[in-house]
Amino acid sequence: RPPRSTLSSSSAASDVYKRQAFENKDTDTMLELFTDDMEWVFPNGEKFEGKEEARQGFNYVFSLWDEMKMDSGGDEEPPIILATSGEQGQFLMRWSPYSYKSFSGEEYTIRNHTVLWFNDDGMIKGAYNYYDRKDISKAYETDPIDEIED
């Protein structure tokens, strides 16, 4: 059977809520969308494993930015979102510019590629992120990945 081209309504809603929680810097709402054994993988292979580790990481990152926005490309660079499903679950692949504004007014835009892996209940099991961290990492006094306690 060929893969489905659309996500379940709960998985699609999770993507919308994730964007809203990200932009509102709302860690609790972000974590409600994930399974307890979730993982959030960074471009360099480092990852948050489980909600408590992710909570520490999200709180730290959210504290560093005045504004954070997904899908910030407007009409010139709209998000590209693809969905599929298979034996391991449902997957949503998204590409879009993310914008960050520091408390000192510096602005950064990265082109973010993310794959979200959903379980059968529409909860996010994994988030796999690919982007060039070079410029945005300069904005951190300490890289958020290094702040996670093992």
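Bear in mind the structure is a predicted one, so any value in this text is a computation, not a measurement.

Rules used throughout
- The residue numbers shown here count from 1 along each chain, following its written sequence.
- Totals for whole chains, interfaces and linings use every residue, but because this is a predicted model, local features are given only for residues with pLDDT of at least 70 and side-chain atom pairs only at 80 or more, for both listing and counting.
- Excluded from the side-chain calculation are hydrogens and water; included are all heavy atoms of the structure.
- Helix numbering and strand numbering both begin at the N terminus, where a helix is a DSSP run of H or I of at least 4 residues and a strand a DSSP run of E of at least 2.
- Each residue after the first adds 1.5 Å to the expected span of a helix.
- Relative accessibility thresholds used throughout: buried, under 20% of the residue-type maximum; exposed, over 50%; partly exposed, between the two (1.4 Å probe, protein chains only).
- When checking whether two residues touch, look at their non-hydrogen atoms; a contact exists if any pair is within 4.5 Å.
- Just to be clear on terms, a salt bridge is a Lys or Arg side-chain nitrogen sitting within 4 Å of an Asp or Glu carboxyl oxygen.
- Two N or O atoms form a polar contact when they lie within 3.5 Å of each other; inside protein one atom must be a possible hydrogen donor and the other a possible acceptor, and for residues adjacent in sequence the pair counts only when both atoms belong to side chains.
- Within this scheme, the nonpolar core is defined by two criteria: the residues are buried Ala, Val, Leu, Ile, Met, Phe, Trp, Tyr or Cys, and they are joined through side-chain atoms within 4.5 Å.
- Two strands make a pair as long as DSSP finds a minimum of two bridges between them.

Quick look at helix α3 (residues 51-64) now. For α3, built from 14 residues, the straight-helix expectation of 20 Å at 1.5 Å per residue is met to within 8% by its first-to-last C-alpha distance of 20 Å. For α3, every residue scored as buried is listed here: Glu53, Ala54, Gly57, Phe58, Tyr60, Val61 and Phe62.

Turning next to the side chain of Asp71. As for its position among the elements, Asp71 is in the loop between β3 (65-69) and β4 (80-86). In contact with Asp71, not counting residues within four places along its chain, are Arg19, Pro79, Arg94, Ser96, Pro97 and Tyr98.

For the structure on display, the rule yields nine salt bridges. Residue Glu39 pairs with Lys47 through a salt bridge whose shortest N-O separation is 3.4 Å. For Lys47, a relative accessible area of 34% translates into the label partly exposed. Among the charged side chains, a network of salt bridges with common partners joins Arg19, Asp71 and Arg94.

On to the environment of His113. Note that His113 resides in strand β6 (residues 107-118). Judged by its relative accessible area of 35%, His113 falls in the partly exposed class. It is 5.8 Å that separates the C-alpha atoms of His113 and Arg94, two residues lying 19 residues apart in sequence. A polar contact is formed between the side chain of His113 and the side chain of Trp95, at a distance of 3.1 Å.

This brings us to the nonpolar core. Counting residues in each nonpolar core, the largest one holds 28 residues, and the members touching the most others are Phe22, Trp40, Phe58 and Tyr100. Those elements giving two or more residues to this core turn out to be α1 (9-23), α2 (27-32), β1 (34-41), α3, β3, β5 (89-102), β6 and β7 (124-130). Setting aside residues no more than four positions away along its own chain, Tyr100 makes contact with Phe22, Trp65, Glu67, Met68, Glu106, Glu107, Tyr108, Ile110 and Ile136.

The next thing to look at is the pairing of β6. Two elements, β5 and β6, share 12 bridges in a ladder whose sense is antiparallel. Opposite Arg94, over in β6, you have Thr114 as the bridge partner. With six bridges connecting them, β6 and β7 associate as antiparallel partners. Within the sheet, the bridge partner assigned to His113 lies in β7 and is Tyr130. Counted between consecutive antiparallel strands, the loop separating β6 from β7 contains five residues, among which Gly122 sits at a positive phi close to 80 degrees.

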